[in-house]
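# Overview (structure and organization)
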Amino acid sequence: MKKLFAVSLMILLVAGMVFAGGNRASGTTPTPGQTMIGMAMPETHVLRWLKDGASLVEEAQKRGYFAAVNWANADQPTQNQQIQSFLTQGAKALIVGCINDGVAPVIAEARRDGVAVIAYDRIISNSADYDYYITFNNFKVGELQGQAIVDALNLNAATATAPKRIALFAGSPTDGNAFFFFDGAMSKLSPYIDRGVLQIVGPAPRASSDTANFLRISTENWSASIAKTRMENLLISDARDVTLDAVLAPNDTLARAIIEACRADAKYRTSLPVVTGQDAEFESMMSIKNGEQYMTVFKDTAKLAEAAVILADAILKGQTPNIPGAVIASSIGLESIGNTGRKTVTAYLLDPILVTRSNLLVPVNAGFYNDTESAQLR
């Protein structure tokens, strides 16, 4: 609980800085000779990125580093300036949760300066100037979402004469993880679509490689307002004369927006479709507890932050990384997760966990929430 309190306090302090117009939190003034690690996070409108930044700073400070974190408000030029500032300040390592591949030029600057770069939870595409990527097994995240729909709708017993109906949503097309989430989910759903027992309502890509249709279901910058508007439009167009049984939503922020849109439609006021999610955000956990959102995927980002700093520490000390709980993607046949489009980096993967109403306390027991939130979920 001491660690949770420390991280929660840091989040409150950071949030105050962010919403007061600043977007930087740092450790104490560096001592002479102290090595600096810079953390560049993409945004603050998804709460997990505030938590990640706070956890990264805490983990780096525990190991004796001077740590600084910036959030870029989903604007890549802003993030590039923040990374350049880290380089100017003499950072020896960067942990970067990028916004899009527009970050590549400053990653090249870091390489020229001899600064180690770790792509954090989002691969840095179109760059050959870094060597490490750490994330969760994001294909498995999608598999968990897809399998949850299969189980909730009992698709094994469904028939083509009375098919179930689903609408598809995907994440930001500038986030490489969105492709893995979607493809993982479709790997579980496609057999039932092929059998005719599951019908897609609206745009119907079967894989992210169907670029035109994938872009039609994607959600720029993971924006809740965009997802809500698209759902509202779907309900008065393609889904007007049918009832949706499920909506594949890639994360909790979008799931709640989709549910909000459904609630405004008379067909769904008393019975919502099965809606998936990801990130175990508190509001969505309460929604699951109340029987609204069906599931989420818990990715313990505190462990991801710890793993990222363990990796940075090993790199800076010239040691072979040994990250508890992580596997190298190539060792389980997922080498493509590390493909930047210019090279394949070493990708370390942590395991995600399915959470439904039946095991709601898993993230609670992991210390993922503060005491007040935990009490509400118990």
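Residues numbered from 1 in each chain as written. Predicted model: local features only at pLDDT ≥ 70, side-chain atom pairs only at ≥ 80, totals over all residues. Heavy atoms only, no water.

Scanning the chain from N- to C-terminus turns up 13 helices and 14 strands. Taking 21 Å as the expected radius of gyration for a compact globule of 378 residues, we find that the chain reaches 21 Å, a close match to that expectation. Oriented by its inertia axes, the alpha-carbon framework of the chain measures out at about 70 × 45 × 35 Å. Residues counted as buried form 56% of the 378 residues belonging to the chain. Within the chain, residue pairs in contact and separated by at least 24 positions form 71% of the contacts whose partners lie at least 6 positions apart. Taken as a whole, the chain presents about 15200 Å² of accessible surface, with 50% of it coming from carbon and sulfur. (Helix = DSSP H or I, 4+ residues; strand = E, 2+ residues; numbered from the N terminus. Rg over C-alpha atoms; globule rule 2.2 N^0.38 Å. Buried < 20%, exposed > 50% of the residue type's maximum accessible area, 1.4 Å probe, protein only. Contact = heavy atoms within 4.5 Å. Areas by Shrake-Rupley, 256 points an atom, 1.4 Å probe, with all protein chains shown as cover.)

For the rest of this paragraph, the subject is the sheet that holds strand β8 (residues 198–200). What the four strands build is an open sheet, ordered β8-β7-β9-β10; its pairing is parallel. Each edge of the open sheet carries a strand with a single partner, namely β8 and β10 (274–275). Of the pairings in the sheet, the one linking strand β7 (residues 164–168) to strand β9 (residues 246–248) comprises three bridges and is parallel in character. Pairing of Ile166 across the sheet is with Ala246, part of β9. The sheet contacts of helix α5 (residues 138–152) involve β7, β9 and β10, and relative to β9 the element is tilted by about 175°. (Pairing = 2+ DSSP bridges. Axes fitted to C-alpha atoms, helices over the stretch in contact; angles between N-to-C directions.)

Turning our attention to the pattern of salt bridges. For the structure on display, the rule yields 18 salt bridges. A salt bridge links Arg63 to Glu306, with the nearest nitrogen and oxygen atoms 4.0 Å apart. Separated by 243 residues along the polypeptide, Arg63 in the loop between α2 (47–62) and β3 (66–71) and Glu306 in helix α11 (residues 301–316) bring together distant segments of the chain. The class of Glu306 is partly exposed, set by a relative accessible area of 27%. Taken together, the salt bridges that share partners define one network made up of Glu59, Lys62, Arg63 and Glu306. (Salt bridge = Lys/Arg side-chain N within 4 Å of Asp/Glu carboxyl O.)

The topology assignment puts Thr44 in the loop between β2 (36–41) and α2. Thr44 sits in the buried class, given a relative accessible area of 13%. Between the alpha carbons of Thr44 and Ala178 there is a distance of 18 Å; along the sequence they are 134 residues apart.

Most of β2 is tucked away, with six of its six residues classed as buried. Side chains Met36, Gly38 and Ala40 of β2 all project onto a buried face; the interleaved residues Ile37, Met39 and Met41 project onto the opposite face, where all are buried too. Once the chain exits β2 it traverses α2 before rejoining the sheet at β3, and the crossover so formed is right-handed. The pairing of β2 with strand β4 (residues 93–96) spans four bridges and is parallel. (Right-handed = clockwise from strand over helix to strand, strands pointing away.)

Taken by themselves, the reported measurements are silent on function.
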